[in-house]
Amino acid sequence: VIVKLAGCDDRNAAEALIGTRLYVSTTDRESLRDDDGANGDGDDEFYAQELEGMTVIEQSTGAVVGVVEDVVRGAGTQDLLKVGLPAEVNDKGETVEFFVYVPFVKDIVPVVNAAACTMEITPPGGLLDLKVPKKKAKTASARAKARARRDGSGGKKAPEVQLVNGDDA
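Because the structure is predicted, anything quoted here is derived from the model rather than measured. (Residues numbered from 1 in each chain as written. Predicted model: local features only at pLDDT ≥ 70, side-chain atom pairs only at ≥ 80, totals over all residues. Heavy atoms only, no water.)

Caption draft 1: Examining the sheet that holds strand β2 (residues 64-72) more closely. The strand order across the open sheet formed by 7 strands is β7-β8-β1-β2-β3-β6-β9, and the pairing between neighbours is mixed. Every other strand in the sheet has two partners, leaving β7 (111-113) and β9 (132-133) as the edge strands with one partner each. Note that β7 and strand β8 (residues 118-121) share 3 bridges and pair antiparallel. Looking at β8, one finds that N113 is bridged to T118. (Pairing = 2+ DSSP bridges. Helix = DSSP H or I, 4+ residues; strand = E, 2+ residues; numbered from the N terminus.)

Caption draft 2: Looking closely at a nonpolar patch on the surface. On the surface, V3, L5, L17, L22 and V24 cluster together to form a nonpolar patch covering roughly 420 Å² of accessible area. Tracing the chain through its elements places V3 in the segment before α1 (11-15). (Patch = residues over 30% accessible without salt bridge, like charges linked within 9 Å, V, L, I, M, F, W, Y side chains within 5 Å. Areas by Shrake-Rupley, 256 points an atom, 1.4 Å probe, with all protein chains shown as cover. Salt bridge = Lys/Arg side-chain N within 4 Å of Asp/Glu carboxyl O.)

Caption draft 3: Expanded view of the nonpolar core. With 21 residues, the main nonpolar core has L51, L81, V83, V102, V109 and M119 as its most contacted residues. Of all the secondary-structure elements, those providing two or more residues to this core are α2 (48-51), β2, β3 (80-84), β6 (98-103) and β8. When neighbours within four sequence positions are excluded, V109 is seen to be in contact with L81, V102, P103, F104, M119, E120 and I121. (Core = buried A, V, L, I, M, F, W, Y, C linked by side-chain atoms within 4.5 Å. Buried < 20%, exposed > 50% of the residue type's maximum accessible area, 1.4 Å probe, protein only. Contact = heavy atoms within 4.5 Å.)

Caption draft 4: Structural context of the pairing of strand β1 (residues 55-58). As paired strands, β1 and β2 are joined by 3 bridges and run antiparallel to one another. Paired with I57 across the bridge in β2 is V64. Counting the residues that bridge the hairpin from β1 to β2 gives 5 residues, and of these G62 lies at a positive phi of roughly 80 degrees. Where β1 lies against β8, 4 bridges are found, and the strand directions are parallel. The partner of V56 across the bridge, within β8, is M119.

Caption draft 5: The arrangement of the pattern of salt bridges in detail. For the structure on display, the rule yields 4 salt bridges. Here K134 ties to E69 by a salt bridge, and the two come within 2.5 Å at their closest N and O atoms. Taken together, the positions of K134 in the loop between β9 and α3 (140-151) and E69 in strand β2 put the pair 65 residues apart, joining distant regions of the chain. A relative accessible area of 34% means that E69 is categorised as partly exposed.

Caption draft 6: Geometry of the pairing of β3. Counting buried positions along β3 yields 4 of 5 residues, so the element is predominantly enclosed. Pairing of β2 with β3, which is carried by 5 bridges, proceeds in the antiparallel orientation. The residue bridging V67 from the neighbouring strand is G84, located in β3.

Caption draft 7: Structural context of unusual backbone geometry. Residues other than glycine seldom take positive phi values, yet C117 does so here, at roughly 60 degrees. Counting through the fold element by element, C117 comes out in the loop between β7 and β8. On the basis of relative accessibility, which here comes to 33%, the residue C117 falls in the partly exposed class.

Caption draft 8: Summary view of the side chain of D79. Relative to the elements of secondary structure, D79 occurs in the loop between β2 and β3. A polar atom in the side chain of D79 sits 3.0 Å from the side chain of R73. With sequence-adjacent residues up to four places away left out, D79 is seen in contact with V71, V72, R73, G74, V102, P103 and F104. (Polar contact = N/O pair within 3.5 Å; in protein donor to acceptor, adjacent residues only side chain to side chain.)

Caption draft 9: Just the environment of T61, in detail. Of note, T61 is situated in the loop between β1 and β2. Given the relative accessible area of 56%, T61 is considered exposed. For T61 and T122, which are 61 residues apart along the polypeptide, the C-alpha to C-alpha distance reads 9.8 Å.

Purely spatial values, then, with no claim about function.
Structure (structure tokens):
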């Protein structure tokens, strides 16, 4: 892809942009598919934002696996879909949420229906067992306690310190 940016007229200006992320508005980017869902190679091309929020269905059973929460780019040779799984109740009666990474390759994700916001997967044995628990968002009080432990105050307010110059001492 060759891009010409306004105000970037020489090599030095271009080199200054190395590593900079370029964002393109959805209204300014090229459409990959016609309104009916296909235009040539567009059937196999998707913007990451299109995949997020899609319902993931296991092709052999028709069971809903979860929902695509994120697309992890550059994870080896292919992108990974972070699929949020339905919450489970553990032995302590607590609700725990999990996710699993699914390689976004044609053998594992043979069908993506952008119009229906669904995708079908054919996961190899054991892939869906590699679920990872989601980290719970910390509450304000939990963050304060963690900060206190880290700062060494043990949750107690530190005494105020007054600075005095050499003449007052």
